[in-house]
Structure formats: structure tokens, C-alpha cells
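Structural overview
Given next are the chains, with one letter for each unit.
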Amino acid sequence: MKVVKSLQNEDVNKETSETPDNNHSGFIRMKKFHFVMLLFFIVFLSAGITTFALAFGDEKAVDVGTGERREFDKLYTAYDTLKTNYFQEVDQDNLINGAINGMLEALDDPYSDYMNEEEAKSFHQSISSSFEGIGAEIQEQEGYIVIVSPLKGSPAEKAGLKPNDKVLSVDGKSLQGMSSTEAVMLIRGEKGTKVELSVQRPGSDEPMNISITRDTIPLETVYGEMLDDGIGKVQITTFSENTSKELVETLNELQKQGMKGLILDLRQNPGGLLDEAVKISSLFVPDGEILFQIEDRNGNREEVKSTKEENPNIPLVVVIDKGSASASEILAAAVHESADVPLVGEKSFGKGTVQRAQDFSDGSNMKFTTEKWLTPDGNWIHKKGITPDHTVALPDYATLPFINPDTELKLSASSAQVKAAQQMLKALGYNPGREDGFFDEKTEQAVEEFQAAEKLEQNGVLSGQSTLRLMEKLRDKIDQNDTQIQKAAEVLKKQIES
């Protein structure tokens, strides 16, 4: 408008100087009118051509970027307002990261979250190499951080953490409302350092304080051994980068030792890499049979089939429990529905979704759910789990809570930890006289008998080495009286004999 106005005034002034006689003023006004109309016509014609090009042209006249998308107007307004008017200077990256994190939290999906650079690095380490921490898979459930499964041989397992334990705080800091990624960053730490967890166990009236010394968590994921009667047992603790390779090597070694049948132990296996679950499932499911199905947001399904031409021709039984989740459930369902493999144990965790991790250029990461997965028969086990053919529970003493070795349990003490100690003593064959949590003379006597049998100082006080040895002996008893493995062996023997 300024250019047009300038030209207009210039023309008028020029014509006025050439015509000093006031009698010609009408002529001057006519020329000005014609000029304005000409400009109007040119502008109108240009607008019409532009509109036609936008409506019918093959290419956009203007490439509208993300900043022009109307759905982001509110977001941009909030960002600009905070950056300009907040009482302190704000960090631009923090605002942007917070916005991404907010979008993922709004999905109300415990498996979708945003990870900053440090968290993303930790995430990648957990599936590709060893890491330092306590060795437990966790997830967020209804605002709480819950143990999915402790890893075999980890400090978490040795401390007695169990699936479904709620971790209320870490070193006194509440985890209420935190994402699993945020909680992991507090729980993990350098080898040799201690972390104090406040844990609420289902069925327990009061939280337990558990002190755990962090350690290096190696990702050796396959453990094999020969049992009696030619039965091999292989435990897969998680699905990492080399799990399928480890399994093949272990199976070959067990076959050299005369394995006639196999128990595949997927208990306490929280899942891991999907492609590893596919490779392992293909070992036991005939070529061309369905391993699982993927369903997208529109209900379109894709079948994932076994591609292995040669399978181990060996009887198989799979053992699962409530700590078996995600990829381990895919494997269990695949062999059960597509290869008629019997399942033994307890109902599995129930995670029926698939996640993908997307890295950003700054090293941060966004993990989000992309599809559902369904069993070969089309069942969605999410929040339902897989029910085994033979439901078998472990003995009651297998779920007893951890006892803090730093706490002295002695005469006249009364607590949930005393109750747990009394139950452990009874399970090991020592009579504490009562199991109500009150430490009396009879309990003291039972402790002294245990200490004498283990060649420990006989002072009748449970703490330090006495407590650690008590829990160690209980774990040994659980291993020796593993009712789920015993049932699996019974089922397997019938297959071998038939």
C-alpha cells in the first residue's frame, strides 16, 4: 500500500505542476480516478490468477510448513507466552522436551514414553550390553511403579523382589506419578553402591524397606542344565541381541549330553527384542505355521509365520508365571497354539502390544505403541495373560518378603519382618513357636538352632550374616522343591514314553 500511495501522489504532483490553471482541476481528478481503477484491476486480476493456481495447479504455490498447521496454534501460543512472559528465563529445549513428554503421557499408555539423552542411552544399554543396577524389569501401573520381573541371579532377585511388588520410593524419594523411565534413572547406579527401596507387596499390610547393593547385570540370557531321566531344562531370562544364538548353543550342548526332552523355562522373563522371540519360536514351530499376528489401528492384520525349515525333533514343555511378559508370551502362545506344546505354571503377565523406539537427532528417544499382537488363533491376551494347561503354584514360602540384613531382629521385637523370619524358619524345619510377628523366647531358640547348624555365632539375633544365610537357605529349598518344574517334568516324561 505504501508503494501504491507513493506512486499515486507522485503522479498527481507532477500533473499539478504542469497545469497551474485552476480551471483544469477537473481534468486532473479524472486522470487520478482512471489510475486508481487501473491499479485495482491489476490487483484483482493477480489475486484471481493466484487463486486459480492454488485450486487447480499441480504444485503448491506456497509450501506450508509445520508452523502453519492450525492444530499447533495453541501450542505455539503457550510456548511464546512462556518464553516471553515467564518470570525467569526459560530453557527452550526443556520446553520442547516437556511438550513431547506431555503428548506421550496423554496417551495413558505405560509402554509409551519420552526419554532424554541419558535415559535413552540407558535404554539402549539394557538391551544390547551389560549395565549396572539391581536387575529388575519395571513398569508404571495406575500411577505406581510395579516390578514385572527380577532378572535371574540379579541383586533384585537375591533381595527377594517379586512380580507385582510396588516400589513406593527410592532412597526416600517417592515414585508416585513417575514414568517407568524416570524411576529407572533413580534405581540404577554404579556397581557397589546401595539403593534403599520401599516396597509394598500384595497382601502385606505395611511396606518393606529393602536395601540392595547394585552390581553389573550381564546379559547372559540362557541357562541350561540336565535333570534326571534325560530331561534338559533351559531358562531364558530375557530376549536380548544374542539370545537365539545362546539358545542354539545350549541346546546343542544338552543334546550331546543325551537330552531326550526339553523344559523351556520362561518364568520371570519380562520380554525384550521381538525379532529374537521370532527366531526362537521358529525353532519349535513348523515352517509356515503362524507365530503371531499383528493388528494395526484400522484392524488390518498381518500374520508372522515360522521360517525355520529344520526344527529340533524333541518333546517340549514350556513353563510360565505372572512374571512372563511380552516376547515370552509371544513364544509361549506360538508353541502352544501352533505346535501343541503344553504349558505349565501360572497365568502370564498379559502384555499384548508392540512398541517401537524412535531416536531423535540429539540422542533422545521416543518409545511408543504401534500395534496389538494376537496369538496364532487371534486371541488378544492384553491384561488377561495366558492360562497354562496345568496350573501349578509354587509353595507359599516362595513368596515370602525380603528381610533387611541391616535390621536386628531380636527378643521382644514385633514387625512384619519378624513374621517373615518365623515363616522362613518353619519352612526350613525350625520351630519358631508362632508366626504372628512377635519375637519371643521360642523364636529366639529357633534362631539359635539355625545359627548352630550353619556354624554362625549363636546369639539368637537375626541380622547380617544370619539373615543373609537364612534367605539363601530358603532359596535353595525353593529350587529343590520347584513344584512347577516337577510338574513340567512329569508331563514331559509322558510325551517321551508315548
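Everything numeric in this text was worked out from a predicted model, so none of it was measured. Starting afresh in each chain, residues are numbered from 1 along the sequence in its written order. Per-residue local features are limited, in this predicted model, to residues with pLDDT of at least 70; the limit for side-chain atom pairs, both in listing and counting, is 80 or more; totals at the level of whole chains, interfaces and linings are taken over all residues. Only hydrogens and water are removed before side-chain values are computed, so all heavy atoms of the structure are retained for them.

Observations regarding the environment of Lys455
Numbered from the N terminus, helices here are DSSP runs of H or I no shorter than four residues, and strands are runs of E no shorter than two. If you trace the backbone, Lys455 turns up in the loop between helix H12 (441–453) and helix H13 (464–480). Among the residues examined, Lys455 registers a relative accessible area of 76% and is labelled exposed. It is 9.9 Å that separates the C-alpha atoms of Lys455 and Ser466, two residues lying 11 residues apart in sequence. To sort residues, take the accessible area from a 1.4 Å probe on protein chains only and compare it with the maximum for the residue type: under 20% means buried, over 50% means exposed, and anything in between is partly exposed.

Some words on the packing of helix H11 (residues 416–427) against H13
Running from N to C, H11 and H13 cross one another at 50 degrees; their axes reach a closest spacing of 10 Å. With respect to each other, H11 and H13 are oriented oblique. In this structure, H11 meets H13 at a crossing whose hand is left-handed. From H11, Ala421, Met424, Leu425 and Ala427 reach across to H13, where they touch Leu470, Met471, Leu474 and Lys477. As a working rule, the residues Ala, Val, Leu, Ile, Met, Phe, Trp, Tyr, Cys and Pro are called nonpolar, Asp, Glu, Lys and Arg charged, and the rest polar, with Gly in that last group. Taken together, the residues of the contact of H11 with H13 sort by class into seven nonpolar, no polar and one charged. In this analysis an axis means a line fitted to C-alpha atoms, helices contributing only their contacting stretch, and an angle means the value between N-to-C directions, from 0 to 180 degrees. For classification, angles of less than 35 degrees are called roughly parallel, those exceeding 145 degrees roughly antiparallel, those between 65 and 115 degrees roughly perpendicular, and all remaining angles oblique. In this scheme the handedness of a crossing depends on how the near helix is turned from the far one: anticlockwise by less than a right angle means left-handed, clockwise means right-handed. Contacts are assigned to residue pairs that have any heavy atoms within 4.5 Å of one another.

Points about unusual backbone geometry
Leave glycine aside and you will find that most residues have negative phi; peptide bonds, for their part, are mostly trans. A positive phi angle is found at Lys383, which is not glycine, with a value near 65 degrees. The topology assignment puts Lys383 in the loop between strand E18 (365–374) and strand E19 (390–391).

Focus: the side chain of Ser338
Tracing the backbone through its elements, the reader meets Ser338 in helix H10 (residues 327–339). For Ser338, a relative accessible area of 14% corresponds to the buried category. Within the local environment of Ser338, its side chain forms a polar contact with the backbone oxygen of Ile290, the two atoms lying 2.5 Å apart. Apart from the residues lying within four places of it in its own chain, the contact partners of Ser338 are Val285, Pro286, Glu289, Ile290, Ala333 and Pro376. Throughout this description, a polar contact denotes any pair of N or O atoms lying within 3.5 Å of each other; where both atoms belong to protein, one of them has to be capable of donating a hydrogen while the other can accept it, and for residues adjacent in sequence the pair is counted only when both atoms sit in side chains.

Digging into helix H9 (residues 274–284)
Because an α-helix completes one turn every 3.6 residues, residues spaced three or four positions apart along the sequence face the same direction. For H9, the set of buried residues is Glu276, Ala277, Ile280, Ser281, Ser282, Leu283 and Phe284. Residues of H9 that are buried sit in contact with strand E11 (231–236), helix H8 (243–256), strand E12 (261–265), strand E13 (290–295), strand E15 (316–320) and H10.

What about the environment of Lys367?
Mapped onto the elements of the fold, Lys367 is located in strand E18. Through-space distance from the C-alpha of Lys367 to that of Ala120 is 9.5 Å; in sequence the pair is 247 residues apart. Here Tyr111 takes part through its backbone oxygen, which lies 3.0 Å from a polar atom of the side chain of Lys367.

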